[in-house]
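Fold and contact review
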Amino acid sequence: MSFYRRNLPHWQPIGGDYFITLRLAGTLPKEIIEKLNKEKVRLLQDGNGDKKDLRTKINRRIFKKYETILDKAERGPTWLKSVEIADIIKESLHFRDNKDYELYAYCIMSNHVHFVFRHLSNKLKQKNDEYPITDILASFKKYTSRLCNEKLDRTGNSFWQAESFDHVVRDSDELERVILYTLHNPVKAGLTDNWRKWPHSYCKKELSIRF
């Protein structure tokens, strides 16, 4: 089990279930990020009770505010609207299925991507790999950045935001909630009335009948 912290906390148990969010570079204004970070600090300072539980609740609250801004897509690039770009992301997500992880679900929005998977511990490239999810995401982002930037004729520029949001799913109830959240992102954003109609969503067949 590994833990490290940059701007976001990262706890990476080998073989765990994960909810991941990646966003395009430049999709959240600096002033919004600073405002939400200050709010997070204030909430942590003012809160009572178990600090670990409090931090989890506050992280979720702040994440939802970020998500609301991303869903509006009023600032920054929206390259993932392009079918060609979205297809590159899909291909890369599926390519790693049964290699690095068991892919449960994903949803590609105009400026961010949610996906849910179970890390396959028996597929570790190195047995002493401390941060397997960071390595998987770095490989995914490097590969898709190159292909997408070539397609957009903007080689050499940042495509993804440097840091991702990775959340460890604690139990089966939470797993169901994050898959549902992922699939219903376009519904929540008012882009469709049924997640199955969204062209850039996926749910593993064995799970889709539940959603």
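Residues numbered from 1 in each chain as written. Predicted model: local features only at pLDDT ≥ 70, side-chain atom pairs only at ≥ 80, totals over all residues. Heavy atoms only, no water.

1. Some details on the sheet that holds strand 7 (residues 201–203)
Which entries qualify depends on this criterion: Two strands form a pair only when DSSP identifies at least two bridges running between them. Elements are defined by DSSP. Helices are runs of H or I of four residues or more, strands are runs of E of two residues or more, and each kind is numbered from the N terminus. In this analysis, axes come from line fits to C-alpha atoms, helices being fitted only over the stretch in contact, and the angle between any two N-to-C directions falls in the range 0 to 180 degrees.
With respect to topology, five strands assemble into an open sheet ordered 6-3-5-4-7, the strand pairing being antiparallel. The two strands at the open ends of the sheet, each matched to only one other strand, are strand 6 (165–169) and strand 7. With direction set aside, neighbouring strand axes in the sheet form an average angle of 20°. In this structure, strand 4 (residues 101–108) lies alongside strand 7, joined through three bridges in antiparallel fashion.

2. Quick notes on the environment of Ile 133
What counts is decided by this rule: Burial status follows relative accessibility: with a 1.4 Å probe on protein chains alone, a residue under 20% of its type maximum counts as buried, one over 50% as exposed, and anything between as partly exposed. Note on contacts: a residue pair is in contact if any heavy atoms of the two residues lie within 4.5 Å.
In this fold, Ile 133 is placed in helix 4 (residues 132–152). Note on Ile 133: relative accessible area 0%, which makes it buried. Measuring from C-alpha to C-alpha, the distance between Ile 133 and Ile 20 comes to 9.6 Å, with 113 residues separating the pair along the chain. Ignoring any residue separated from it by four or fewer positions in sequence, one finds Ile 133 in contact with Gln 12, Tyr 18, Ile 20, Phe 117 and His 119.

3. Re the packing of helix 3 (residues 83–95) against helix 4
When two helices pack together, their arrangement is given by the angle between their axes and by how far apart the axes lie. For clarity, the cut-off: Roughly parallel means an angle under 35 degrees; roughly antiparallel, over 145; roughly perpendicular, 65 to 115; everything else is oblique. Here a crossing is called left-handed whenever its near helix is offset anticlockwise from the far helix by less than a right angle, and right-handed whenever the offset is clockwise. Each residue gets one label: Ala, Val, Leu, Ile, Met, Phe, Trp, Tyr, Cys and Pro are nonpolar, Asp, Glu, Lys and Arg are charged, and the others, such as Gly, are polar.
Between helix 3 and helix 4, whose axes approach to 10 Å, the crossing angle comes to 160°. In this view, helix 3 runs roughly antiparallel relative to helix 4, as classed from their interaxial angle. Here helix 3 and helix 4 pass one another in a crossing that is right-handed. Within the contact between the two elements, helix 3 uses Glu 84, Ile 85, Ile 88, Ile 89, Glu 91, Ser 92 and Leu 93 and helix 4 uses Phe 140, Tyr 143, Thr 144, Leu 147, Cys 148, Lys 151 and Leu 152. Looking at the contact of helix 3 with helix 4 residue by residue, the class counts come to nine nonpolar, two polar and three charged.

4. So, the packing of aromatic side chains
This is how the line gets drawn: The aromatic pairing rule takes the rings of Phe, Tyr and Trp, using the six-membered ring of Trp, and pairs them if the centres are within 6.5 Å, calling planes under 30 degrees apart stacked, those over 60 edge-to-face and the rest tilted. In this scheme, Lys NZ or Arg CZ marks a charge over a ring once it lies within 6 Å of the ring centre and within 35 degrees of the ring normal.
Using the criterion set out here, one finds 13 aromatic pairs in the structure. Site record: aromatic cluster; members linked through ring pairs are Tyr 18, Trp 79, Tyr 101, Phe 115, Phe 117, Phe 140, Phe 159 and Trp 160. The cationic tip of Lys 99 hangs over the ring face of Phe 95; the distance from NZ or CZ to the ring centre is 4.5 Å.

5. Quick word on helix 1 (residues 30–46)
Heads up, the condition is: To estimate the expected span of a helix, subtract one from its residue number and multiply by 1.5 Å. Directions pointing from the helix axis toward each C-beta atom define the arc.
Taking 1.5 Å as the rise per residue, helix 1 with 17 residues should run 24 Å; its terminal C-alpha atoms sit 24 Å apart, in good agreement. Taken together, the buried positions of helix 1 are Leu 36, Glu 39, Lys 40, Leu 43 and Leu 44. In a view along the axis of helix 1, the buried residues occupy a sector of 135°, so they form one face of it. Seen from the open side of helix 1, the exposed residues pointing more than 90 degrees away from its buried face are Lys 30, Lys 35, Lys 38, Gln 45 and Asp 46.

6. Remarks on the pattern of salt bridges
Note the following rule: Basic side-chain nitrogens of Lys or Arg form a salt bridge, by our definition, when they fall within 4 Å of a carboxyl oxygen of Asp or Glu.
Going through the model one piece at a time under the given rule, you end up with 11 salt bridges. Its salt-bridge partner being Glu 39, residue Lys 65 comes within 2.6 Å of it at the nearest N-O pair. Of the two residues, Lys 65 is situated in helix 2 (residues 51–72) and Glu 39 in helix 1; the sequence distance between them amounts to 26 residues. Lys 65 sits in the partly exposed class, given a relative accessible area of 32%.

Purely spatial values, then, with no claim about function.
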